[in-house]
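Breakdown of the fold
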Amino acid sequence: MKPLPSTHTHPRSLKQHKKSDDATFRIALAGNPNTGKSTLFNALTGLRQHTGNWPGKTVIHAEGTYSYNGNSYTVIDLPGTYSLFSNSADEEVARDCIIYEKPDVTVVVLDATAMERNMNLALQVLEMADRVVLCINLIDEAKKKGIHINEKRLSKQLGVPVVKTSARNREGLSHLQKVIKEMAYGKINTNPYRIRYSDELEEKISAIEETVLSTFGDRLPSRWVALRLLDGDQSLIDSLQHRIELRRKEVGAHGTDEPLYPVEA
Amino acid sequence: MGPMNPSIPSKRDGLKTLLNQAQALSDDFTRDEVIAQIHQTGKEICHESIRYNDAEKMMRSEKLDRILTSKIWGFPIMLAMLGVVFWITIAGANIPSSMLAELFSWIEGYLTLAFKAIHAPDWLHGVLVLGLYRGLGWVVSVMLPPMAIFFPVFALLENFGYLPRVAFNMDRLFKGAGGHGKQSLTMAMGFGCNAAAIMSTRIIESPRERMMAILTNNFVPCNGRWPTLILLASLFMAAGYTGGAQTLVTASVVMGMVIIGIIVTLAVSWALSKTALKGVPTHYTLELPPYRRPKFWDTILRSTLDKSLFVLKRAIIIAAPAGVITWILANIMVGDMSVLEHVVAFLDPFAKALGLDGFILMAFILGLPANEIVLPILLMGYLSTGAMLEIENLTELKQLFLDHGWTWLTALNMMLFSLLHYPCGTTLVNIYKETKSFKWTFLSFLIPTVLAIGVTFAIAQIARAMGWV
Amino acid sequence: MSQSHIIPLTEGLPGQTIRIHHLTLEGTMRRRLLDLGFVPGSDVTVLQRSPLGDPVAFRVIHTTIALRKEESSQIYGELIGSEKNETTT
């Protein structure tokens, strides 16, 4: 059994710089429940999976691997959630993975038949990460229901690649894998859509974002953290505090100064 | 990198400053504004990029729901589906089960010849062939066919999207019992494996209702108990019928057991919500996703690999040593009786009061690691003391039971005991892992045990007092 | 719109559509409902009561969500229309 992902021992920075041909990339799958996310996970990884618990949480952690064009990809199937505003342990796990562990690519899986509801989560992820791919799944169901989705337009609007799939029919999987690969190698420039709030709120966000930057550097999505703090997200505050404590102990014990959060390449 | 690493303490203070600043600026409207803005943006984006061409087709699931969750048809359809799943399982498993049993007994003949050919000592043949091999043969032939049918059929229903509708239909009952509608989903999982169902209670977010679901999950019979229920129902309850009617009666009796299990679940949940788990039912939302036609072969393949083979593997790993232990216990003599007979004799008076016998109770006790092995152990126990016949068909099996003084009451009470008794070892381990509490784990053992003893005792006493047996 | 037209979702009949005005819930449940699309301004259609009368299924932004009356009675909105007669009660 491979060790569960740990947020502070993962040698992200090394890998990011090397990007050699045999690199292993980490891919996170986020999405609402009932989007066929697990079907996609199964279709990508086949039987190369193992499940356990997220450290310290009663949330199932599923991880699998696949190879594509000589690279190995570790896929983390995040719990299905409607939001990432820490309403539940599931949402906390998904949030922590995206902001602290910083997967090489975060794939947001959307249900093609309920795009509007699913878009909420996608917009939240776009505020938290840069390397995001939107995967519109269940496209076969949407066709049956007479739903037409213009993915090129969507991609332009949101500033990230959009891929249509039908995981259960294995449609669009190789295209998805290709896009994931290109993004992992930094060949795709993204410009994730950031929601603009009222002037009053935007002012507050900028004020706090400055302090976030001076406290955490650019290791965390500063605008998003600022917004969450303004919302009084106690769970996020606790997890920030916890990480700082953890870091302090580690430094005390080893006297080294490895970055607490994976540094962006 | 500074030698004293000053960035760390300052970071902690930094966070404090940050929090103070955020708190000063934050107000109650932030959340509403953020969410409203996200929705507004999502709506605009979707409006530009998505076209809905056919309003009628969008309503398909809703039309189906008007039947499947209707006031009149909701419950009858649910019970009928359950009945059909059992019927398919029972009817379909019979023939492959007896074919597998024949295959194993045919191989056993050659194994015995091989042991004789190499002049192996009798005890070795006993341990390996009569204990280990026969135990394994039983587990595989009795369990594999029903599992290979039940799990895929169930997975098809699940992938079709029917299970959330069950939770929708049942929610009112669970609310009345102080629980959560999603408890019915964890129960549905329990039909497969209680240990897995304990993990699945994670879908219930409220700790109180989740604990309730954990403590009562055992009252739905798992895969390891189906063979016991099905076999006893068909041998003793449906004995007077033949052919299709026999399958039907067997399925009805098994379904009756399931309904008793559901009633007990609701009753125990209710009692818990009035005592150990006091509180009001917490908030609840349930999504009813659209119905989707499942990918037939994919679903069957995956459920076979994930569930059937997994459960079978576990049963074999546990049944193998149990077979060996049972054989050894039955063959080590203390005085003029084997250890097994001593244990049975010790348990017998108490077991008789429950309408069972010492062998049955011993089988349940030795079967703690896995319910799958209760029946094999019972048979090994009976065979080790009775005539060493080989079980090739069900008539001989029934004769074996009758030779040991079985009546319909024995069969009924064994079914009830199996339905109600303590969870298997794996389930208990999972309960501990999930609750991290010895107290709750112990309660999850104690409640069913007391119930099983109480119910079987009451029925046995009443049946005897009324002169029914 | 005047306050007199504002009714809780519990009073909606199957087939009726209600435009949400406000929620009186607080805490996690409020946030969960907002996440699911029960936001002021969005339209909710009452679909179907469960066989025992509660919970009730609602359609909100193309998805079907079931709520118990404890929650739906705290979501208020204005009745804006009714689909052709398709009540099942």
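Data block above holds the structure.
The model shown is predicted, which means the values in this text are computed figures rather than measured ones.

Concerning the packing of helix 6 (residues 163-176) of chain B against helix 7 (residues 183-190) of chain B
Residue and element names in this part refer to chain B. The N-to-C vectors of helix 6 and helix 7 enclose an angle of 120°; their axes lie 8 Å apart at closest approach. Classified by the angle their axes make, helix 6 and helix 7 are oblique. Together, Leu163, Pro164, Val166, Ala167, Met170 and Phe174 of helix 6 and Gln183, Ser184, Leu185 and Met187 of helix 7 make up the contact between the two elements. Tallied by class, residues from the contact of helix 6 with helix 7 come to eight nonpolar, two polar and no charged.

Structural notes on the interface of chain A and chain B
With 67 residues of chain A in contact, the opposing surface of chain B contributes 52 residues. Taking both partners together, chain A and chain B bury about 5,600 Å²; carbon and sulfur atoms supply 58% of that area. The interface formed by chain A and chain B contains three salt bridges. Across the salt bridge formed by aspartate 111 of chain A and arginine 292 of chain B, the nearest N and O atoms sit 3.2 Å from each other. The interface formed by chain A and chain B contains 18 residue pairs in polar contact (both at pLDDT 80 or more). Those elements giving two or more residues to the side of chain A that touches chain B turn out to be strand 2 (49-53), helix 4 (115-128), helix 5 (139-144), strand 7 (147-149), helix 6 (151-158), helix 8 (199-216), helix 9 (222-230) and helix 10 (234-254) of chain A. Looking at the side of chain A that touches chain B residue by residue, the classes come out as 29 nonpolar, 21 polar and 17 charged. In terms of strand pairing, strand 7 of chain A meets strand 1 (residues 50-52) of chain B through three bridges, oriented antiparallel. Counted as the bridge partner of isoleucine 147 of chain A is tyrosine 52 of chain B from strand 1 of chain B.

Notes on the pairing of strand 1 (residues 24-31) of chain A
All names here are of chain A. Most of strand 1 sits out of view: seven of its eight residues are buried. By the bridge criterion, six bridges tie strand 1 to strand 4 (residues 71-77) in an arrangement that is parallel. Looking at the pairing, alanine 28 lines up with isoleucine 76 of strand 4. The sheet contact formed by strand 1 and strand 5 (residues 105-111) spans five bridges and is parallel. Among the inter-strand pairings, isoleucine 27 is bridged to a residue of strand 5, identified as valine 105.

Concerning the packing of aromatic side chains
All names here are of chain B. Applying the stated rule across the entire model yields 21 aromatic pairs over all chains. Both rings, one in tyrosine 382 and one in phenylalanine 401, keep their centres 6.1 Å apart while their planes meet at 75°; by these two values the pair is edge-to-face. In this pair, tyrosine 382 sits in helix 15 (residues 374-385) while phenylalanine 401 sits in helix 16 (residues 394-403), placing the two residues 19 residues apart along the sequence. Look at tyrosine 382 and you get buried, because its relative accessible area is 0%. What makes phenylalanine 401 buried here is its relative accessible area of 0%. The aromatic ring of tyrosine 291 is capped on one face by arginine 165, whose charged end is 4.0 Å from the ring centroid.

Description of the pattern of salt bridges
All names here are of chain A. On inspection of all chains with the given rule, the structure shows 30 salt bridges over all chains. The partner of arginine 26 in a salt bridge is glutamate 101, with the nearest N and O atoms 2.7 Å apart. Taken together, the positions of arginine 26 in strand 1 and glutamate 101 in helix 3 (residues 89-101) put the pair 75 residues apart, joining distant regions of the chain. For the pair shown, arginine 26 and glutamate 101 are each scored as buried. Residue glutamate 141 is joined to arginine 168 by a salt bridge in which the shortest nitrogen-to-oxygen separation is 3.7 Å. Taken together, the residues glutamate 141 in helix 5 and arginine 168 in the loop between strand 8 (162-164) and helix 7 (173-184) connect sequence positions 27 residues apart. Of the two residues, glutamate 141 and arginine 168, both sit in the buried class. Taken together, the shared-partner salt bridges in this structure form one network comprising Asp140, Glu141, Lys144 and Arg168.

What counts and how
Residues numbered from 1 in each chain as written. Chains lettered and ligands numbered in written order. Predicted model: local features only at pLDDT ≥ 70, side-chain atom pairs only at ≥ 80, totals over all residues. Heavy atoms only, no water. Axes fitted to C-alpha atoms, helices over the stretch in contact; angles between N-to-C directions. Helix = DSSP H or I, 4+ residues; strand = E, 2+ residues; numbered from the N terminus. Parallel < 35°, antiparallel > 145°, perpendicular 65-115°, else oblique. Contact = heavy atoms within 4.5 Å. Nonpolar A, V, L, I, M, F, W, Y, C, P; charged D, E, K, R; others polar. Buried area = accessible area lost by both parts, 1.4 Å probe. Salt bridge = Lys/Arg side-chain N within 4 Å of Asp/Glu carboxyl O. Polar contact = N/O pair within 3.5 Å; in protein donor to acceptor, adjacent residues only side chain to side chain. Pairing = 2+ DSSP bridges. Buried < 20%, exposed > 50% of the residue type's maximum accessible area, 1.4 Å probe, protein only. Phe/Tyr/Trp six-rings, centres within 6.5 Å; stacked < 30°, edge-to-face > 60°. Lys NZ or Arg CZ within 6 Å of the ring centre and 35° of its normal.

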